[in-house]
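Listed here are the chains, written in short residue letters.
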Amino acid sequence: MQASNPPVRRRIGMLGAGAWGTALAIALAARHDVVLWGRDAGAMADAEARRENAAYLPGFALPPGVRATADFDAAIAHVAGQPGEAQGLLVIASSVAGLRPLCERLATKDIPNLIWLCKGFEEDTRLLPHQVARAVLGDTLPIGALSGPSFAQEVAQGLPCALTIASRDAALRDSVVAIMHGGAMRVYSTDDMAGVEVGGAVKNILAIATGVADGMGLGHNARAALITRGLAEITRLGVALGGRPETFMGLAGMGDLILTCTGDLSRNRRVGLGLAQGKKLDAIVRELGHVAEGVRCAQAVRTLARDAGIEMPIAEAVAAVLFDGDAPGDMIRHLLSRDPRAEAAP
């Protein structure tokens, strides 16, 4: 039996040294050469010296294939590589709020491609990440979104994970699959960027709702109902924004929703748990020490749904708790008092 060819070693530039960017860098370093860039020069120097990103992913060693740096130009040059080498990959691993500033820095650079890991809507513009990238970088650069159910700690541990790369550029989709698919990581592909990004954004809001329900001791039946009806809300908004219905039954829709609503590592679920305990939102966010994108994009989703005439009662109720002063109990009473309807109603 003929042995399969080993994967071609590529150069990866990871722009963002938070938990998810660091975890993905660790996962890819066995097969590729990764530069992990972060803005904080002191933290990056410490990570490189200690071989651990103690600030955002403590307890996980950086393997030899990862180099940590605060030199932005060096990270870009690393991806460019040498003549004759296989094309590298540039990955933005920031929050949605950091996407536009990084794209603006990249607009003056010669880069081969770009994908991002962030999930959400830009707060002020209510744009999806691919719309932000196109607005800044134009229409010619191959771009894509990597999404799906993925806790950083489990990826860093090398536990099984399945993701979706969404891009309208077939060559970029194939390249990302070739780079990332293997070992404990499976990568599927689609051209439905809007669908994948809406699924990744709205599930965070619904995880806050399930966290509230769990924190109030409402039981597994209530959690299952919120997840199921939440998926209907994601689908309604996603289709209205250009996504395809089948996308929301996949990894970036149902898969990510289930994980974020049930997993103890979910930041957004922990926001809901904190709200149910009577904690103030500011205190909850400080305790997390990380971004909870469901808080940031709840207003945008509520506005988009209202503008489109789409019913999203769970997302509406979460936004009311976060921003309008409603108590968690009000959210539950509001949802339970809604009039009955056919399950498949639009």
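Bear in mind the structure is a predicted one, so any value in this text is a computation, not a measurement.

Conventions and cut-offs
- Residues numbered from 1 in each chain as written.
- Predicted model: local features only at pLDDT ≥ 70, side-chain atom pairs only at ≥ 80, totals over all residues.
- Heavy atoms only, no water.
- UniProt positions renumbered as here; feature names shortened; annotations may be inferred.
- Helix = DSSP H or I, 4+ residues; strand = E, 2+ residues; numbered from the N terminus.
- Buried < 20%, exposed > 50% of the residue type's maximum accessible area, 1.4 Å probe, protein only.
- Contact = heavy atoms within 4.5 Å.
- Phe/Tyr/Trp six-rings, centres within 6.5 Å; stacked < 30°, edge-to-face > 60°.
- Lys NZ or Arg CZ within 6 Å of the ring centre and 35° of its normal.
- Core = buried A, V, L, I, M, F, W, Y, C linked by side-chain atoms within 4.5 Å.
- Pairing = 2+ DSSP bridges.
- Right-handed = clockwise from strand over helix to strand, strands pointing away.
- Expected span 1.5 Å × (residues − 1).
- Domains from an automatic or database assignment.
- Buried area = accessible area lost by both parts, 1.4 Å probe.
- Salt bridge = Lys/Arg side-chain N within 4 Å of Asp/Glu carboxyl O.
- Axes fitted to C-alpha atoms, helices over the stretch in contact; angles between N-to-C directions.
- Parallel < 35°, antiparallel > 145°, perpendicular 65-115°, else oblique.
- Left-handed = near helix turned anticlockwise from the far one by under 90°.

A. The arrangement of the UniProt feature "binding site: NADPH" (unreviewed entry) in the protein in detail. Under the feature "binding site: NADPH" (unreviewed entry), the UniProt entry names Trp-20, Arg-39, Tyr-56, Lys-119, Ala-152, Arg-267, Val-291 and Glu-293. Across 274 residues, the annotated set is spatially dispersed, with a maximum C-alpha separation of 22.6 Å. Here Arg-39 shows up in the loop between strand E2 (33-37) and helix H2 (41-50). With relative accessibility at 76%, the residue Arg-39 sits in the exposed group. By secondary structure assignment, the location of Arg-267 is in helix H11 (residues 267-276). What Arg-267 contacts, discounting residues up to four positions off in sequence, is Ala-19, Leu-288, His-290, Val-291 and Ala-292.

B. Structural detail: the environment of His-78. In this structure, His-78 sits in helix H3 (residues 72-80). Filtering out sequence-adjacent residues up to four positions away, His-78 remains in contact with Arg-11, Ile-12, Gly-13, Asp-33, Val-34 and Val-35.

C. Structural detail: the UniProt feature "binding site: substrate" (unreviewed entry) in the protein. Per the UniProt entry, the sites bearing "binding site: substrate" (unreviewed entry) are Lys-119, Arg-267 and Asn-268 in this numbering. For this annotated set, covering 150 residues, all C-alpha atoms fall within 13.0 Å of each other, a compact arrangement in space. Contacts of Asn-268, omitting those with residues within four sequence positions, involve Asn-204, Ala-207, Ile-208, Thr-260, Ala-292, Glu-293, Gly-294 and Val-295.

D. Representation of the packing of aromatic side chains. All chains considered together, the criterion is met by 1 aromatic pair. Centroid distance Trp-37 to Phe-72: 5.2 Å. Interplanar angle 80°. Geometry classified as edge-to-face. Note that Trp-37 is positioned in strand E2 and Phe-72 in helix H3, a separation of 35 residues in sequence. Across this residue pair, the class does not change: Trp-37 and Phe-72 are buried. We note Arg-105 situated over the ring of Phe-72; from NZ or CZ to the ring centre the distance is 4.0 Å.

E. Fine view of the nonpolar core. Counting 46 residues, the largest nonpolar core has Phe-121, Val-202, Leu-237, Val-271, Val-301 and Met-331 as its most contacted members. Every element with two or more residues in this core is listed here: helix H8 (193-215), helix H9 (219-240), helix H10 (251-262), H11, helix H12 (281-288), helix H13 (293-308), helix H14 (313-323) and helix H15 (328-336). With 11 residues, H8 is the single largest residue contributor to this core. With 38 residues, the next largest nonpolar core counts Cys-161, Leu-163, Leu-172 and Met-185 among its residues.

F. Up close: the pairing of strand E7 (residues 161-166). Counting buried positions along E7 gives 5 out of 6 residues, so the element sits mostly inside the fold. Relative to strand E8 (residues 185-190), E7 runs parallel, the two sharing 6 bridges. In the strand pairing of E8, Thr-164 is matched with Tyr-188. Where the polypeptide runs from E7 across helix H7 (residues 170-180) and back to E8, its parallel neighbour, the crossover connection is right-handed.

G. Main features of H8. Over its 23 residues, H8 runs 34 Å from end to end, which matches the ideal 33 Å to within 8%, given 1.5 Å per residue. Of all 23 residues making up H8, 22 are buried, and the element is well covered by its neighbours. Gly-217 sits one or two residues past H8 and shows a positive phi near 70°.

H. Representation of the domain arrangement of the protein. We note that the domain assignment places domain 1 (10-191) and domain 2 (194-337) within the protein. Centre-to-centre, using C-alpha coordinates, domain 1 lies 26 Å away from domain 2. Of the roughly 2,400 Å² buried between domain 1 and domain 2, counting both surfaces, carbon and sulfur atoms make up 67%. Connecting domain 1 to domain 2 are 2 salt bridges. Between Asp-191 and Arg-244 there is a salt bridge, and its shortest N-O distance comes to 2.9 Å. Only helix H4 (96-106), helix H5 (129-137), strand E6 (143-147), helix H6 (152-157), E7 and E8 provide two or more residues apiece to the side of domain 1 that touches domain 2.

I. Quick peek at the packing of H11 against H12. Contact geometry of H11 with H12 gives a least axis separation of 10 Å together with a crossing angle of 140°. Judged by the inter-axis angle, H11 sits oblique to H12. Handedness of the crossing formed by H11 with H12: right-handed. On H12, the residues touching Arg-267, Arg-270, Val-271, Gly-274 and Leu-275 of H11 are Leu-281, Ile-284 and Leu-288.

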